[in-house]
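# Report on the structure
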Amino acid sequence: VGEEAGWRGFAVEHLMRGGRGALPAASIVAAVWAGWHLPLFFLVASFQGFGPALLGGWLIGLLAGSVVLTWIYHGGRHSILLVAAWHTAFNLTAGTAATADLVAPVTSTLVMVAAAVIALRSLRSGRHGSRLA
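Structure report, in brief.

Each helix and strand in the chain was counted, giving seven helices and zero strands. Secondary structure elements of the chain, listed N to C terminal, follow the sequence α-α-α-α-α-α-α. Scaling as 2.2 N^0.38, a compact globule of 133 residues should have a C-alpha radius of gyration of about 14 Å, and the chain matches this with 15 Å. By its C-alpha atoms, the chain is 40 × 25 × 25 Å across when sized along the principal axes. In the chain, buried positions account for 35% of the 133 residues. Of all intrachain contacts in the chain linking residues separated by at least 6 positions in sequence, the fraction that spans at least 24 positions is 64%. Only carbon and sulfur atoms are counted for the fraction: they give 70% of the accessible area of the chain, which is about 7600 Å². Averaging the locations of the 8 positively and 4 negatively charged side chains of the chain gives two centres separated by 17 Å.

Here it is, written out as structure tokens:
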């Protein structure tokens, strides 16, 4: 709950009140979120094994997750509990060692596709200035 209180509840809200649209706010939060995870690359063996391609995919997935979570946050009437539950479910589903070889890439791909659909719909409808379609 704490992480999402900061990312969506504070950062996205603050950025949008400052005049940024939902997509730019989600992108800025994704950049800061990536920095937040930077220590994992020094502490966690699975992160230490990332090569350039996997790192690129992880960054794209993080951006996609930020877009989807921002969309859920706005669609869920600014519910931090809702985005925290989704974030936890994603981490448990994609991060379980027994299913990581298949479930993690499939789950991440679905999040990326969902983010692309959300972003395209928002851009086409002109709603990217205030909220995501």
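On to the packing of helix α5 (residues 52-75) against helix α7 (residues 103-125), then. In the contact formed by α5 and α7, the axes pass within 8 Å of each other and the chain directions differ by 55°. Classified by the interaxial angle, the pair formed by α5 and α7 is oblique. α7 is crossed by α5, and the crossing has left-handed handedness. When α5 is examined against α7, the residues G57, I60, G61, A64, G65, V67, V68 and W71 are found in contact with a partner set consisting of V111, M112, A114, A115 and I118. Residues belonging to the contact of α5 with α7 are distributed by class as follows: 10 nonpolar, three polar and no charged.

Taking 1.5 Å of rise per residue, the 16 residues of helix α1 (residues 2-17) would be expected to cover 22 Å, and the 21 Å separating its terminal C-alpha atoms lies within 8% of that figure. At A11, α1 shows its largest kink, close to 25°. Looking at the buried positions of α1, the neighbouring elements they touch are α2 (22-37), α5 and α6 (80-95). One or two residues past the end of α1 sits G19, with phi positive at roughly 105°.

To continue, consider the pattern of salt bridges. Going through the model one piece at a time under the given rule, you end up with two salt bridges. A salt bridge links E4 to R8, with the shortest nitrogen-to-oxygen separation between them at 2.7 Å. With E4 and R8 both in helix α1 and four residues apart, this pair spans about one turn of that helix. Exposure class is identical for E4 and R8. Each is buried.

At a minimum axis distance of 9 Å, the contact between α1 and α2 shows a crossing angle of 140°. Taken together, the axes of α1 and α2 lie oblique to each other. The two elements α1 and α2 meet at a crossing, and its hand is right-handed. For the pair formed by α1 and α2, the contact residues are E3, E4, W7, R8, A11, V12, L15 and M16 on the first element and A22, A25, I28, V29, V32, W33, W36 and H37 on the second. A breakdown of the residues in the contact of α1 with α2 according to their chemical character gives 12 nonpolar, one polar and three charged.

Reading the values: the criteria
Residues numbered from 1 in each chain as written. Predicted model: local features only at pLDDT ≥ 70, side-chain atom pairs only at ≥ 80, totals over all residues. Heavy atoms only, no water. Helix = DSSP H or I, 4+ residues; strand = E, 2+ residues; numbered from the N terminus. Rg over C-alpha atoms; globule rule 2.2 N^0.38 Å. Buried < 20%, exposed > 50% of the residue type's maximum accessible area, 1.4 Å probe, protein only. Contact = heavy atoms within 4.5 Å. Areas by Shrake-Rupley, 256 points an atom, 1.4 Å probe, with all protein chains shown as cover. Lys, Arg positive; Asp, Glu negative; His and termini not counted. Charge placed at Lys NZ, Arg CZ, Asp CG, Glu CD. Axes fitted to C-alpha atoms, helices over the stretch in contact; angles between N-to-C directions. Parallel < 35°, antiparallel > 145°, perpendicular 65-115°, else oblique. Left-handed = near helix turned anticlockwise from the far one by under 90°. Nonpolar A, V, L, I, M, F, W, Y, C, P; charged D, E, K, R; others polar. Expected span 1.5 Å × (residues − 1). Bend = angle between axes of the 7 residues up to and from the residue. Salt bridge = Lys/Arg side-chain N within 4 Å of Asp/Glu carboxyl O.

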